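Descriptive structure summary
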Amino acid sequence: MKSIQYLLILLLFSFSCSNKEDSPENQRTYNDVRLDFSSLVFNEGVNDVTLLNVNNFLWSFRVNMPAVDFINNKRPLIIDLHGFSGDNTDAHKTTSCYIQTVFSSLEAIIISPNAGNYLWEDLLNQEQVLSLVDLAVTYLPVDASKIVVIGYSAGGNGSWFLGESQPNVFSAAIPISSSYNTTTGGVSRLMEIPFYVIHGEDYDYFPLQLTQDWVNATISAGSDITFVIASGLNHFEPCSYAPYIEEAAQWLVNDVW
């Protein structure tokens with residue numbers, strides 16, 4: 001995972017340059033973060049964690065560990081991005097009905113970070129996600145060839161962004177109820193990894209037709225996109241998307257891995 005570590009160096013440097021409040025002697029390093037993460041004990045099931053990052057503020061995230069024997073048995077890693085929630089400090093704990101329950105069939109490790117009052121595309125959340133992937137691959141029984149990013153609403157846009165920008169990190173992306181422009185200056189962009197895109201038929205925040213147009217645009221550029229319309233579903237019923245996400249989990253097994 002050298003590509004993750006190189007990207008982290010760039011992100012941490014960029015963010016640190018914009019945050020000079022701490023004196024050098026008080027500034028945490030990424031080695032400090034690694035040491036703290038390596039000392040954590042993750043039990044079977046739900047583990048709610050806070051970790052002080054290099055810029056001296058807390059990452060809050062949930063780690064779901066499957067009930068398996070990890071000896072010679074590395075597991076897929078699912079990065080689960082919640083929808084926009086402002087300052088809701090528990091936003092990352094609200095996705096279990098459509099993420100954790102569904103992906104139990106894969107016996108995957110699931111990490112659900114909290115975005116705070118920012119978008120997933122923002123620099124500090126790119127830093128958080130890539131750091132958590134790096135820490136998980138380094139210290140948990142993760143199969144680095146089976147790392148997936150999934151998200152709902154704003155988290156769906158984040159999964160588009162990270163899937164497009166980090167194809168060497170993620171093997172697939174699953175945006176749900178998203179709206180992500182796949183064109184630049186009218187030219188369609190190619191996604192280098194496969195995507196499984198789920199969108200509610202009656203989704204009022206992000207019109208179905210607009211999302212479908214952008215999906216078709218990147219398909220025309222050669223992208224491997226599966227597009228699924230969730231019949232009758234809208235923005236306010238994320239738990240109802242669970243059956244469609246279960247199909248996405250089977251797509252990972254049958255078509256991606």
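Read on for a plain summary of the structure.

The rules behind each value
Residues numbered from 1 in each chain as written. Predicted model: local features only at pLDDT ≥ 70, side-chain atom pairs only at ≥ 80, totals over all residues. Heavy atoms only, no water. Buried < 20%, exposed > 50% of the residue type's maximum accessible area, 1.4 Å probe, protein only. Helix = DSSP H or I, 4+ residues; strand = E, 2+ residues; numbered from the N terminus. Arc of directions from axis to C-beta. Pairing = 2+ DSSP bridges. Axes fitted to C-alpha atoms, helices over the stretch in contact; angles between N-to-C directions. Contact = heavy atoms within 4.5 Å. Disulfide = S-S within 2.5 Å. Phe/Tyr/Trp six-rings, centres within 6.5 Å; stacked < 30°, edge-to-face > 60°.

1. Some details on helix 2 (residues 30-38)
- The set of residues buried in helix 2 consists of Tyr30, Val33, Arg34 and Phe37. Taken around the axis of helix 2, the buried residues stretch over an arc of 100 degrees, which confines them to a single face. Residues of helix 2 that are exposed and point over 90 degrees away from its buried face: Asn31 and Leu35.

2. Things to note about the sheet that holds strand 4 (residues 109-113)
- Read across the sheet, eight strands follow the order 1-2-4-3-5-6-9-10 without closing on themselves; strand pairing throughout is mixed. Bordering the open sheet on either side are strand 1 (45-52) and strand 10 (225-230), each of which pairs with just one other strand. Strand after strand, the sheet turns through a mean of 20 degrees between neighbouring axes, direction not considered.
- Bridge count between strand 9 (residues 195-200) and strand 10: six bridges; the pairing is parallel. Each residue of the ladder has a partner; that of His199, found in strand 10, is Ile229.
- Sitting on the sheet, helix 2 touches strand 1 and strand 2 (58-65), and the angle it makes with strand 1 is about 155 degrees.
- Running at roughly 140 degrees to strand 5 (residues 142-152), helix 5 (residues 154-165) makes contact with strand 3 (75-81), strand 5, strand 6 (172-176), strand 9 and strand 10 of the sheet.

3. Section: the state of the cysteines
- On inspection of all chains with the given rule, the structure shows one disulfide.
- Each sulfur in the disulfide pair Cys97 and Cys239 lies 1.9 Å from the other. Residues Cys97 and Cys239 are joined by a disulfide whose S-S torsion is about -80 degrees; by sign, that bridge is left-handed. Placement of the pair is Cys97 in the loop between strand 3 and helix 3 (100-103) and Cys239 in the loop between strand 10 and helix 7 (242-256), with a sequence separation of 142 residues.

4. Quick look at the packing of aromatic side chains
- Applying the stated criterion across every chain, the model contains ten aromatic pairs.
- Their ring planes at 40 degrees and their centres at 6.1 Å tell us that Phe37 and Tyr139 sit as a pair that is tilted. Taken as a pair, Phe37 in helix 2 and Tyr139 in helix 4 (residues 123-139) lie far apart in primary sequence, 102 residues in all.
- Judged by relative accessible area, which is 34%, Tyr139 ranks as partly exposed.
- An aromatic cluster is defined as three or more aromatic residues linked by ring pairs; in this entry it consists of Tyr98, Tyr152, Tyr203, Phe206 and Tyr241.

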